[in-house]
Amino acid sequence: MDQAELYIDALEVECKRLQQQHIEGASLKPRIAAWGLVKAGKSSLLNMLSGHIQQEYFATGAVRTTRINQQLELEHYVLVDTPGLGIEQSDSQQAMEGLDIADIVLFVHAPPGELDEEQVNLLLKLRDVHGDALEQRLVLVFSLLDLDQNDAMAQVRERIEGQVLRCLGFQPTCFEVSSRRYQRGVELGREGMKAKSGIPSLALHLDQMSSEKAPSLAAARQQRLMQRREELSAALDQAIEREQVVIQTLCAPYTHTATAFIELMSSVQSSFSAKTAEIRTAREKLNSL
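Residues numbered from 1 in each chain as written. Predicted model: local features only at pLDDT ≥ 70, side-chain atom pairs only at ≥ 80, totals over all residues. Heavy atoms only, no water.

Peer 1: Tell me about the side chain of Gln119, residues and numbers included.
Peer 2: Take Gln119: it is sitting in helix 4 (residues 117–130). Residue class for Gln119 comes out buried when judged on its relative accessible area of 5%. If sequence neighbours within four positions are ignored, Gln119 has contacts with Leu37, Phe107, His109 and Glu114. (Helix = DSSP H or I, 4+ residues; strand = E, 2+ residues; numbered from the N terminus. Buried < 20%, exposed > 50% of the residue type's maximum accessible area, 1.4 Å probe, protein only. Contact = heavy atoms within 4.5 Å.)

Peer 1: Could you give me a rundown of a nonpolar patch on the surface, with the residues and numbers involved?
Peer 2: Together, Phe261, Ile262 and Met265 line one region of the surface with nonpolar side chains, adding up to about 330 Å² of accessible area. Along the chain, Met265 falls in helix 9 (residues 217–288). (Patch = residues over 30% accessible without salt bridge, like charges linked within 9 Å, V, L, I, M, F, W, Y side chains within 5 Å. Areas by Shrake-Rupley, 256 points an atom, 1.4 Å probe, with all protein chains shown as cover. Salt bridge = Lys/Arg side-chain N within 4 Å of Asp/Glu carboxyl O.)

Peer 1: Give me the environment of Leu165: which residues, what numbers.
Peer 2: Mapping Leu165 onto the fold places it in helix 5 (residues 152–168). Taking the relative accessible area as the measure of exposure, Leu165 reaches 44% and is therefore partly exposed. Here Leu165 is in contact with Phe170 and Gln171, once residues within four sequence places are set aside.

Peer 1: Describe the sheet that holds strand 3 (residues 78–81), listing the residues and the values that go with them.
Peer 2: On the basis of which strands lie adjacent, the open sheet formed by six strands has the order 2-3-1-4-5-6 and mixed pairing. Both edges of this open sheet fall to strand 2 (70–73) and strand 6 (173–176), since each of them pairs with a single strand only. Ignoring which end each strand starts from, the neighbouring axes of this sheet average 20 degrees apart. Strands strand 1 (31–35), strand 4 (104–109) and strand 5 (138–142) of the sheet are contacted by helix 4, whose axis makes an angle of about 175 degrees with strand 4. Its contacts with the sheet put helix 8 (residues 199–213) on strand 1, strand 4, strand 5 and strand 6, and the angle it makes with strand 4 is roughly 155 degrees. (Pairing = 2+ DSSP bridges. Axes fitted to C-alpha atoms, helices over the stretch in contact; angles between N-to-C directions.)

Peer 1: Could you give me a rundown of helix 2 (residues 42–49), with the residues and numbers involved?
Peer 2: Counted residue by residue, helix 2 has seven buried out of eight residues, so it is predominantly covered. Looking at helix 2, one finds that the buried residues are Lys42, Ser43, Leu45, Leu46, Asn47, Met48 and Leu49. Considering only its buried residues, helix 2 is in contact with strand 1, strand 3, strand 4, strand 5, helix 6 (179–188) and helix 8. Trailing helix 2 by a residue or two, Gly51 shows a phi angle of about 85 degrees, which is positive.

See below:
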């Protein structure tokens with residue numbers, strides 16, 4: 001299968017995805033997608049936000065466990081766990097589909113260290129998908145707060161906020177969280193530990209964002225679908241145009257030969273018609289004798 005066929009197949013998949021998203025867009029609860037690299041703590045974070053403290057709903061493990069998008073509907077919104085990016089293309093494709101349907105995006109980063117080149121590129125993809133609306137949809141989450149030593153997180157956060165500002169042109173709301181600290185706080189019944197985990201503050205912020213978005217959610221989703229439909233339609237037109245150019249290129253070497261053959265056959269037919277007319281005239285004279 002050549003590149004053109006692969007491209008056409010990819011566009012066909014996009015058409016089916018768009019149709020499915022149109023069907024699924026009927027739900028009026030905002031969808032909150034956790035997005036980021038592998039092992040950033042996305043699944044653990046969503047388990048804490050959804051109250052699955054002991055029996056996890058979103059699978060976690062020492063190796064990557066999320067391979068497909070998984071959703072969980074809560075009272076005010078729907079959580080979407082996406083596969084970690086940066087390992088396999090199929091995982092990344094699933095994560096992009098999760099991003100397409102997200103009304104709110106939790107960009108999860110696990111320090112130590114600032115954003116690498118791959119994560120900066122992910123932020124640019126976020127901007128490409130959500131456009132100007134990204135500023136009202138993006139929440140930056142620094143996970144693994146319990147591993148912070150000597151207040152290094154504050155310096156890391158400052159550098160990352162600078163990166164995001166340069167990349168996106170705005171500064172999103174940021175939260176520092178520890179799923180492990182929150183889980184221990186629940187198990188021990190220690191409200192202070194739970195509060196210091198950052199999870200309750202993040203949950204409250206997501207509730208507020210969901211409430212604000214609910215009235216205009218249907219219109220916003222419809223606008224996004226129309227934009228994607230126009231983009232896909234333009235891509236299909238370009239694909240058709242490219243195929244026509246390929247066909248013309250393939251036919252070009254034979255065009256002169258075909259034209260010459262047609263002209264030759266036209267000349268032969270004309271000559272044959274003239275000779276036939278002469279023969280008929282001669283026959284008529286012969287019959288008149």
